[in-house]
Amino acid sequence: MQSMDASLLLVIGIALGLGFDLYAKAVCQGALLSRIDKAKLALGLLVCGIYQLIVLLVGYALTIWLRGSYLADKGEALNPLISMIIIAVIAIRMLKTAWKNESIVESRHDEKYLIRIFTSLCLQVGFYTLLTGIALGMMQLRSIYEIGILTVVCIIAVLLGLVGGYRFGYSQKTGAYAIGGSILVIVVVATGFLYL
């Protein structure tokens, strides 16, 4: 078992890595806005944050349920490895996206498009958020508040990404994917040292 400080550092690393992923996605969407309605932005961030929290908790609860049914306990030694694989898959996807550096067709939309942006962001990251919740459960976090850290970082990343994309365009997405993927690779290595 790892110490609480090490566990918290891993969660912060995961939060930063996923935050850069969300930032990159939000930058691409923010670049399409002709105007940002602050009330709709605040509501969208609230909904996005609640969605992230629910999906993380579902993934975490699934792992707790597996432990309760003794299915996960049978592979207790494999749990950290499964967690590392999940995080590594997310990191590889981000690094691959950075490497491909696909451009987007930048055409401005009105503030009604903001609703579609938040729906799109939630759908794009939902599966990976669920996997992250499972990975956190496999690492046997001692405190559920650590999931709150991920949610707060994700909300901040979406806000900064939308505003950054709106003001500066989508060009910084490649760097965000590369940095986030690299952070997650470091988390995978650190998890290996702590658990294996």
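Here the structure is a predicted model, which is why all the values come from computation and not from measurement. (Residues numbered from 1 in each chain as written. Predicted model: local features only at pLDDT ≥ 70, side-chain atom pairs only at ≥ 80, totals over all residues. Heavy atoms only, no water.)

**With respect to helix α3 (residues 79-100)**
Working step 1: The first and last C-alpha atoms of α3 sit 32 Å apart over 22 residues, in line with the 32 Å expected at 1.5 Å per residue.
Working step 2: The complete set of buried residues in α3 reads N79, P80, S83, M84, I86, I87, I90, A91, R93, M94 and A98.
Working step 3: N101, located one to two residues past α3, shows a positive phi value of around 45°. (Helix = DSSP H or I, 4+ residues; strand = E, 2+ residues; numbered from the N terminus. Expected span 1.5 Å × (residues − 1). Buried < 20%, exposed > 50% of the residue type's maximum accessible area, 1.4 Å probe, protein only.)

**Side note on the confidence of the model for the protein chain**
Working step 1: On average, the protein chain scores 82 in pLDDT, and the residues at 70 or more come to 85%.
Working step 2: The secondary-structure element of the protein chain with the lowest mean pLDDT is helix α4 (residues 113-138), recorded at 82, while helix α6 (residues 173-195) shows the highest, at 91. (pLDDT = per-residue confidence, 0-100.)

**Quick look at the nonpolar core**
Working step 1: Ranked by size, the top nonpolar core spans 29 residues in total, and within it I14, I87, L136, L150 and L184 carry the most contacts.
Working step 2: The element best represented in this core is α3, accounting for 7 residues. (Core = buried A, V, L, I, M, F, W, Y, C linked by side-chain atoms within 4.5 Å.)

**Thoughts on the packing of aromatic side chains**
Working step 1: What the rule picks out here adds up to 1 aromatic pair.
Working step 2: Centroid distance F127 to Y128: 5.6 Å. Interplanar angle 70°. Geometry classified as edge-to-face.
Working step 3: Looking at Y128, the relative accessible area reads 21%, which means it is partly exposed. (Phe/Tyr/Trp six-rings, centres within 6.5 Å; stacked < 30°, edge-to-face > 60°.)

**Description of a nonpolar patch on the surface**
Working step 1: On the surface, L43, L46, V47, I50, I54 and V58 cluster together into a nonpolar patch covering about 560 Å² of accessible area.
Working step 2: Locating V47 in the fold gives a position in helix α2 (residues 38-68).
Working step 3: For V47, a relative accessible area of 47% corresponds to the partly exposed category. (Patch = residues over 30% accessible without salt bridge, like charges linked within 9 Å, V, L, I, M, F, W, Y side chains within 5 Å. Areas by Shrake-Rupley, 256 points an atom, 1.4 Å probe, with all protein chains shown as cover. Salt bridge = Lys/Arg side-chain N within 4 Å of Asp/Glu carboxyl O.)

**Overview of the environment of Y51**
Working step 1: Structurally, Y51 can be placed in helix α2.
Working step 2: Judged by its relative accessible area of 27%, Y51 falls in the partly exposed class.
Working step 3: Through-space distance from the C-alpha of Y51 to that of T151 is 9.1 Å; in sequence the pair is 100 residues apart.
Working step 4: If sequence neighbours within four positions are ignored, Y51 has contacts with C122 and G126. (Contact = heavy atoms within 4.5 Å.)

**Focus on the side chain of T129**
Working step 1: Among the secondary structure elements, T129 is positioned in helix α4.
Working step 2: The exposure class of T129 is buried, given its relative accessible area of 6%.
Working step 3: Among all residues touching T129, those that are not within four sequence positions of it are Q52, V55 and L56.

**Points about the pattern of salt bridges**
Working step 1: Inspection of the entire model under this criterion finds 2 salt bridges.
Working step 2: Between D21 and K25 there is a salt bridge whose closest N-O contact spans 3.0 Å. Taken as a pair, D21 and K25 lie in helix α1 (residues 4-30) at a separation of 4 residues, close to a single helical turn.
Working step 3: Residue classification places D21 among the buried residues on the basis of a relative accessible area of 3%.
Working step 4: Linking R93 and D21 is a salt bridge whose minimum nitrogen-to-oxygen distance equals 2.8 Å. Taken as a pair, R93 in helix α3 and D21 in helix α1 lie far apart in primary sequence, 72 residues in all. The same class applies to R93 and to D21, which are both buried.
Working step 5: Via salt bridges that share partners, D21, K25 and R93 belong to a single interconnected network.

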